[in-house]
Structures are given as C-alpha cells and as structure tokens.
Amino acid sequence: MSETDELRETVRQRYATAAVRVSEGSTACCGADAAGTEDSCGATYYAADQREDLPPEAVAASLGCGNPTAVAELREGEHVLDLGSGGGIDVLLSARRVGPTGKAYGLDMTEEMLALALANKAKSGATNVEFLKGTIEAIPLPANTIDAVISNCVINLSTDKPAVFAEMFRVLRPGGRLGISDIVADDHLSPQQRAERGDFASCLAGALSFTEYRQGLAAAGFTDIRVLPRTLGSAREAGTPTVADSMHSATIQATKPTPTTAPPGAAPDSTPD
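Residues numbered from 1 in each chain as written. Predicted model: local features only at pLDDT ≥ 70, side-chain atom pairs only at ≥ 80, totals over all residues. Heavy atoms only, no water.

(A) Inspection of the overall build of the protein at higher detail. Along its length, the protein carries eight helices and 10 strands. Counting over 273 residues, the protein shows a buried share of 52%. (Helix = DSSP H or I, 4+ residues; strand = E, 2+ residues; numbered from the N terminus. Buried < 20%, exposed > 50% of the residue type's maximum accessible area, 1.4 Å probe, protein only.)

Next up, the structure:
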C-alpha cells in the first residue's frame, strides 16, 4: 500500500470510528481519541437556532472547524455540494437554505458516515437531499451542475489537493462559488512544523498555508479568492478561531469565472502576522 493509500485509510478509519461512536450515543471531535462533548466539538460553530430541529446525531457528528453555511450565501433554488459531508449537518442546513426547489448533495467516502447521514436525513424529513459515496478528488457529479461547493475541515485531509481544487472547479457552473471552512497554517510554518502540531488525520499535518491555498485555487482557475482567518466573536460564526500555534480556522471563498470575467487571479486579502 502506498503512503497516500495509507493516509487515506487512516482518515477513513478515524471517521468511521467517529460515526460509530455517535450512533452509540457519544460525540466525537476531529482527531480526538475519545468522544468529546457538544460544547467542545464542531457543534460550537453553529448558533443555537441553527441546531434547532436537527437530529441530535447530526449535531453530535459535527467534526468541523467552522460553519461553511454561514459564508456560502446560499439562495433559494440553488444546488449545493458538501465535500466530506460526514453526519450531514451542513447538508441539512443547506437544504433549508435552498428550499424545496433547490437540492443539497453530500459526498463522503466512509460507509459508516454515509449510513449515519442517511439516518439523519430520514429523521429530518428532508426531501431535497442526496448523499453520494466517493472521494473529493473524483466527485461523482457532472460538470457545470453545482451553484455552490461547501466543505468543513475536510480538504486538509486530502493527499491530492490540486485534484480537489480542479474537481470543485469542474462541477461548478460558471459564476458558481466556494464557501469553505478549513484549517490553514501561517505562511512561515513548514510542512514539518505543521506535522509537529498534529498528525494527518487530526486535520493539522495536511493543512495548507494561506499562500498555498490561494495559489492552489488560482491555479485551478478560480477568481475573487479570499482565504482569511476567522476572527473571534464573528457575527457569522461562533467557536475559537486558533486551533494550534500559528494554525487557524479559516474561511475560504472563491468564484468560478463566467466567460465574460477577467482571467483567473487571486484577489488581495490578508493573512495573520
């Protein structure tokens, strides 16, 4: 087995275990060896009114580092795709935003998470939701069919991020956009220093830097790129923005240009000191 396959299998096993824990009545955090509590895991990034009426298991299975539905600016009737959808919290929230004339897709590679997500879909009564099995490096959807791609602390787990960026660009319609939460490193941290702060499956060793993220999206063709650390007390998201020394929960936004827009290029933004 190659190193890439080994890393993917480690990630799959970690999140399969998390799904089983949630199914057994616990809560699991990204990278944690033991179940956590709702107040210490990904659920803290969602306001109480967002969590209302969601299945408890969807909330308990939230393993993210932010709330992409707070920055994706979803609209009625749109089609949205969540990469690494886990227990389905962001898909179910997106389904509310896009309404009955829209559709929310969730993509995950872990059978246990997909089973949990399907159970949560049934409990929620959502009729505009579809969960797909696959990897984020090879999205099983046609080109130019999605209005918005979201993801929550998952792209850092990929061993082939250029493929992920290319696939997001492919499935988006011209004018489509990204609304992503991810862990991002300060530019001065080397890959080795990132790995010293946590292993690959704990969402740290595979994180890109701010500059690497912008350059990767620009290389895939995206414009209007923003890769920004969240600020504590943001009106759009709760939770703590710094996840490790010089590593941050960040929001990523970008647009697939239409034929009349300017050539691809990253827009100015800021990075932490």
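Next, the rest of the story.
(B) Examining the pattern of salt bridges more closely. With the rule as written, the count across this model stands at 13 salt bridges. With a shortest N-O distance of 2.6 Å, glutamate 78 and arginine 177 are connected by a salt bridge. You can see glutamate 78 sitting in the loop between helix 3 (56–60) and strand 3 (79–83) and its partner arginine 177 sitting in strand 7 (residues 172–185), a full 99 residues away along the chain. Across the pair, exposure class does not vary: glutamate 78 and arginine 177 are buried alike. Salt bridges here are not isolated pairs; linked through shared partners, they connect Glu9, Arg12 and Glu112. (Salt bridge = Lys/Arg side-chain N within 4 Å of Asp/Glu carboxyl O.)

(C) A look at the pairing of strand 3. Within strand 3, four of the five residues are buried, leaving the element largely enclosed by the surrounding structure. Here strand 3 runs beside strand 4 (residues 103–108); their pairing, made up of five bridges, is parallel. If you follow leucine 81 over to strand 4, its bridge partner there is tyrosine 105. In this fold, strand 3 hands off to helix 4 (residues 89–98), which returns the chain to strand 4; that crossover is right-handed. Pairing of strand 3 with strand 6 (residues 146–152), which is carried by four bridges, proceeds in the parallel orientation. Following the sheet pairing, leucine 83 is matched in strand 6 by serine 151. (Pairing = 2+ DSSP bridges. Right-handed = clockwise from strand over helix to strand, strands pointing away.)

(D) Examining the environment of alanine 148 more closely. On the secondary structure map, alanine 148 appears in strand 6. Through-space distance from the C-alpha of alanine 148 to that of valine 80 is 4.8 Å; in sequence the pair is 68 residues apart. Excluding residues that lie within four positions of it along the chain, alanine 148 makes contacts with Leu74, His79, Val80, Leu81, Leu172 and Arg177. (Contact = heavy atoms within 4.5 Å.)

(E) Fine view of unusual backbone geometry. Phi is positive for cysteine 203, which is not a glycine, with a value near 80°. Among the secondary structure elements, cysteine 203 is positioned in the loop between helix 7 (191–196) and helix 8 (210–220). One non-glycine residue, serine 246, lies in positive phi territory at about 65°. In this structure, serine 246 sits in the loop between strand 9 (242–244) and strand 10 (247–255). Given the relative accessible area of 14%, serine 246 is considered buried.

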